[in-house]
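Observations on chain architecture
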Amino acid sequence: LKEHKKNVILAETSLHVYLCRKTGPAEATVDAVKQKMLFCAMPSNKTEEALAKLKPIYPQFMAAKQFLDIHFNNFNHMVHGPIALLNTGQIEALNEKPYYFYRDGATPRVCKVAEAIDKERLLVAEAAQVEAKSILEVQTEMYGHMGAVGDTIYEAIKGNKADHSFNFDPASFVFGLAREDVPYGFIPLISLGEKLGVDCTMMKSIVNLQCAICGTDFWSQGLTMEKLGLGGMNINQIKEYLATGKQ
């Protein structure tokens, strides 16, 4: 873009605006629309400029305080990981039949694993001095209008009407989640955690098991601080770079 002298602002949200799934060659079904979404530009000093253009289209967008807020408030991989991993046998047995991911996969004990890895995410956020909400808080904020309320992740998922119908058809599509969630969700978080001295044992377990199940070395594919060009920076330097675009 710079080579072509295009003044384009790059920005992203913490999650996809829609809970949706592909239901045909040129068709998608939207099960729900999130009511609040964090939004931030890179560099973040361009956020308000970008938000002014998009707010009329997506009124649920809210300006994040800093760019790291986006990653720390993305809970998809935190929920996808344990559900897909701990229901592998059931998913394989269904094969070409549909799998109701949240309805059947988010059991009380599976959700306890999600809560355990979420605690590690929050510890990394604390070490990075980033305000991050728990999975439960984000679910309630985004899907409270759909019934996602309760004292646990399990209760929020079971209360969310949109989650009842969400499915992967065929069930084998579930295994594709790891190709996104592991290298671009878990591994950057683990890498930053290691940089900040935070124990990420539970998240590392999810990655190692997904490597075995998928027959893929996600560790070599994943985005680390080094691959992102942030390896030689401390956390304050990283934040300054993400805020101004200047090293």
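In this text the structure is predicted, and so the values were computed from the model without any measurement. (Residues numbered from 1 in each chain as written. Predicted model: local features only at pLDDT ≥ 70, side-chain atom pairs only at ≥ 80, totals over all residues. Heavy atoms only, no water.)

**Let's talk about the packing of helix α10 (residues 178-195) against helix α11 (residues 201-214)**
Note the following rule: Axes here refer to lines fitted to C-alpha atoms; in helices the fit is confined to the stretch in contact. Angles between the N-to-C directions go from 0 to 180 degrees. Helix numbering and strand numbering both begin at the N terminus, where a helix is a DSSP run of H or I of at least 4 residues and a strand a DSSP run of E of at least 2. Crossing handedness follows the turn of the near helix against the far one: under a right angle anticlockwise gives a left-handed crossing, and clockwise gives a right-handed one. Residue contacts follow a heavy-atom distance rule, with two residues in contact if any of their heavy atoms lie within 4.5 Å. Note that Gly is not counted as nonpolar here; it falls among the polar residues with everything else outside the nonpolar set of Ala, Val, Leu, Ile, Met, Phe, Trp, Tyr, Cys and Pro and the charged set of Asp, Glu, Lys and Arg.
Contact pair α10 / α11: the axes reach a minimum separation of 10 Å and the direction vectors enclose 145°. In this structure, α10 crosses over α11, and the sense of that crossing is left-handed. On α11, the residues touching Ala178, Val182, Phe186, Ile187, Leu189, Ile190 and Glu194 of α10 are Met203, Lys204, Ile206, Val207, Gln210 and Cys214. Looking at the contact of α10 with α11, its residues break down into 10 nonpolar, 1 polar and 2 charged.

**As for the environment of leucine 38**
To keep things clear, this is the line we draw: In this scheme, a residue with accessible area under 20% of its type's maximum is buried, one over 50% is exposed, and one in between is partly exposed, where area comes from a 1.4 Å probe on protein chains only.
With respect to the helices and strands, leucine 38 occurs in strand β4 (residues 37-42). On the basis of relative accessible area, leucine 38 is assigned to the buried category, the value being 18%. Along the primary structure leucine 38 and aspartate 69 are separated by 31 residues, whereas in three dimensions their C-alpha atoms are 7.9 Å apart. Excluding its chain neighbours within four sequence positions, the residues that come into contact with leucine 38 are Glu12, Thr13, Ser14, Met62, Ala63, Ala64, Asp69, Ile70 and Asn73.

**With respect to the sheet that holds strand β1 (residues 10-13)**
The condition is simple: Note: two strands are recorded as paired if DSSP finds a minimum of 2 bridges between them.
Taken together, 3 strands build an open sheet; the order of strands is β1-β4-β5 and the sheet is mixed. Either end of the sheet is taken by a strand with one partner, and the two such strands are β1 and β5 (61-63). Across this sheet, the average inter-strand angle for adjacent strands is 35°, counted without regard to direction.

**Quick look at the packing of aromatic side chains**
Just so we agree on the cut-off: In this analysis, rings of Phe, Tyr and Trp, with Trp reduced to its six-membered ring, are considered paired at centre separations within 6.5 Å, and the interplanar angle assigns stacked below 30 degrees, edge-to-face beyond 60, and tilted for intermediate values. Two thresholds decide whether a charge sits over a ring: the Lys NZ or Arg CZ must be within 6 Å of the ring centre and within 35 degrees of the ring normal.
Within the structure shown, the criterion is met by 7 aromatic pairs. Between phenylalanine 39 and phenylalanine 61, the ring centres sit 5.2 Å apart and the planes meet at 15°, which makes this aromatic pair stacked. Placement of phenylalanine 39 in strand β4 and of phenylalanine 61 in strand β5 is noted, with a sequence separation of 22 residues between them. The class of phenylalanine 61 is buried, set by a relative accessible area of 4%. Cluster of aromatic residues (ring-pair linked, three or more members): Tyr99, Phe101, Tyr102, Phe166 and Phe168. The ring centre of tyrosine 100 lies 4.1 Å from the NZ or CZ of arginine 103, which sits over that ring.

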